[in-house]
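The residues making up each chain are set out below.
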Amino acid sequence: MKEKLHIIRHLFTLSAALLLMLGLISHPAQAAGQTAGISVNRSAGVCTYTVQGLDPGTDSSMTLQVSRRNNTAAAYQENIALTAENCPNGTYTGNFSLKTLNGIFDEYNVNILVGDSVVPAGTCDFSLHTGNLSMKAEGGNADTTRTITVTSSVPAGDVVIPGEDKQVYVAAWPEGSDESNAKTIALKTPFVEGNMTFSANIAQAGTAYGKWNAKLVLDNGNSGTPITLATSSYQIAPTQKTFLVQKSKALEKKKSFAVNLDGLKNAYGIKKVRFQVYNSKGKKVATVTGTSKKADGSRYYSEISLKKLNYLLDLYTIKAVLTDQNNNTQTLEMTALADERIQSGTLSVARKKNASCLYKLTNPYIPGNIKKVRFVLYQVNGKKLKKQASYTVTGTSGKKKITLKVPNEEKGKYKLQVYGFTSWGKKILLNEETYRLRKKDMGKNGWFYEKYAGKTYKFYYVNNKKQIDLTDILGLKKSSSTNSNRLYIEVNRAASAVTIYLYNEETKKYDIPIKTCSVSVGRDTWTNAGTGGLNEDSSYTPLGTYSICTNGQSVKYTLKPMLEPDGQTLYARWASHIVGNVYFHAIAVGTQSHYALPSSTYNRLGSPASAGCIRMTVADAKWIYDYAPAGTTVKIVKGSTSKPGPLGKAPVIKTTGGINYDPTDPGVPDSRKKADYKAKRISGYMTKKGKKVGY
């Protein structure tokens, strides 16, 4: 009967408590003198309650009632029999733990039911204080291992997680995917209040790149439901220190540039790296595979040739694409720029005081080096351009400054265009400049008295250029019975040069140099003997003063047979006798043909080569034949190579092995000379009308 009454009373008490909480009935009066209180040990997960004012003689039992704060349903209830032993001085002390509550973290209301009275004991806080908890997943974007740092900042005496034996782990999932896909990256480890640090292997969660979410999870073994305590995020992406385009003299020579990717790391490893090349329009034009240059795979290198880019000069963007050990590809964020564009450089024209212009091209650049530069000069007449001259400068590879000095030819307006030639043969306009030449820019024009080697001579200038053949300027006529030119001829034996002078009526001297010739004198240049030693076996040109027709014998021959020391007869055109067996004459040949002159013999002009005669070009020998009358003084001096004469030493035409004629010979058609000059078989020629081409 007592047991039935107890059950009924208990049910009544629970119903009353429920109605009180719902506010439907009035709170029953608390038993006089009865009080209750609690103390919570969150660290141990134990709540201790104390009830005072009890009378075991009157109240044989009481009920402990624990309910979740936001849920009126009883979480735990215990009937306690009161005795004099467990209730000394009317005070009862008991406890319950978080385990008693099935490990459910929450705030709990604690009440004591004594008879029909409810004695509130207080609130037991077994909730998680995660607001004081923070978590970080630290490390580089390419690190496989990340450091998990968990920090709690609860007040003294408090804990984030109540209870003992608290185990946590870390799980992660890619942003944008369902959290249910989260996988463990750090295994269970005891939770430590305050600060704790441990490692996580992010590769265990998957193979995706980008942003990942991570969570610190409490393994709530009691309730069976894992609880997220804190969250964080981290990035997964390949990283690199530098990604550069490299150029060098060696690479330019190969018409290439290099890409160098250094400090490469990736959380999922590196299988290979490819470099993709995009033009300025964003179109991919080439892909090359990088070569690993370090054992740890942190550096990749490749050379990219302009040929692979079809020699298209542009500003290229290089992207690196990594293939990881899972065969996934990832394009690196960092890019490199390869500037393979033409740099026109700065073109300037400086007018010099000596009637010349200095062309200067500064900092030009064509990828693969500029093989040569060509300056093309045009004379401007209104809107028309007339090509005036073309100058080619070679050996320009790698040079930052290319200069060329050219003589000013005529007043007027000019346009200068400069072209660069690539190492693959393409001609590219680099720059252009327009300038004007005035009278003051033309320098010396006309006659000037100037000194040379201590003597004063009268020179003629055209646009500051000393003229080395005044035949047309002076209007000289050929020597004849009615005309006798007053000339003086000097042979500089050491220099193999001849200078011809005209008598000056002003000074009464032969001080007007009017023509210079490059010749070949006798092979024996050390003999100082005069004419007494001349014979068929001698090979020197005698020093001394003579004249055309010194011996009074026949003066000139259009074609003279000449007997050589070996008994061979050679034929020399335009021969003018000096002394003994010494003549001015064109190079002798074995037959009377215009096409019997070997290049090896012709190319010795300008150096000692004869048996004593003074060999000349056909044009120069014919000039002496035509213009120097009998009796013209001829002085042969030892001379000096450094001082060939006041007009210098005339330029010498060179021929190749396939040429068997003298390029100044009027007996050879101009058409043939022009063709051979264009084919670079001769370095210059003289037309039938006496115009010099190329020299």
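Fair warning: this is a prediction, and the values are worked out from it, not measured in the lab. (Residues numbered from 1 in each chain as written. Predicted model: local features only at pLDDT ≥ 70, side-chain atom pairs only at ≥ 80, totals over all residues. Heavy atoms only, no water.)

Some words on the side chain of Thr632
You can see Thr632 is positioned in the loop between helix 5 (618-627) and strand 41 (633-637). Judged by its relative accessible area of 3%, Thr632 is buried. A polar contact of 2.7 Å, which involves the side chain of Thr632, links it to the backbone oxygen of Pro629. Filtering out sequence-adjacent residues up to four positions away, Thr632 remains in contact with Leu487, Tyr488, Ile489, Tyr546, Ser547 and Ile548. (Helix = DSSP H or I, 4+ residues; strand = E, 2+ residues; numbered from the N terminus. Buried < 20%, exposed > 50% of the residue type's maximum accessible area, 1.4 Å probe, protein only. Polar contact = N/O pair within 3.5 Å; in protein donor to acceptor, adjacent residues only side chain to side chain. Contact = heavy atoms within 4.5 Å.)

Comments concerning the pattern of salt bridges
Proximity of charged atoms lets side chains of opposite charge pair with each other. Per the counting criterion, the structure on display carries 23 salt bridges. Here Lys294 makes a salt bridge to Asp262, at a shortest N to O gap of 3.9 Å. Residue Lys294 is found in the loop between strand 19 (291-292) and strand 20 (299-305), and its partner Asp262 is found in strand 16 (residues 256-262); the two are separated by 32 residues along the sequence. Judged by its relative accessible area of 39%, Lys294 falls in the partly exposed class. Note that Lys622 and Asp626 form a salt bridge whose closest N and O atoms lie 2.8 Å from each other. Taken as a pair, Lys622 and Asp626 lie in helix 5 at a separation of four residues, close to a single helical turn. (Salt bridge = Lys/Arg side-chain N within 4 Å of Asp/Glu carboxyl O.)

Overview of the sheet that holds strand 29 (residues 427-437)
Pairing is antiparallel across the open sheet formed by four strands, whose spatial order is 26-25-28-29. Two strands in the sheet have a free side with no partner beyond their single neighbour: strand 26 (384-394) and strand 29. Taken pair by pair, the neighbouring strands of this sheet meet at an average axis angle of 20°, ignoring direction. In the sheet, strand 25 (residues 370-381) pairs with strand 28 (residues 412-422) via ten bridges, with the strands oriented antiparallel. Each bridged residue has a counterpart across the sheet, and for Val376 the counterpart in strand 28 is Gln417. (Pairing = 2+ DSSP bridges. Axes fitted to C-alpha atoms, helices over the stretch in contact; angles between N-to-C directions.)

Side note on a nonpolar patch on the surface
A contiguous nonpolar patch, built from Trp447, Val462 and Ile473 and spanning about 220 Å² of accessible area, is present on the exposed surface. Accessibility expressed as a relative area gives 34% for Val462, which makes it partly exposed. (Patch = residues over 30% accessible without salt bridge, like charges linked within 9 Å, V, L, I, M, F, W, Y side chains within 5 Å. Areas by Shrake-Rupley, 256 points an atom, 1.4 Å probe, with all protein chains shown as cover.)

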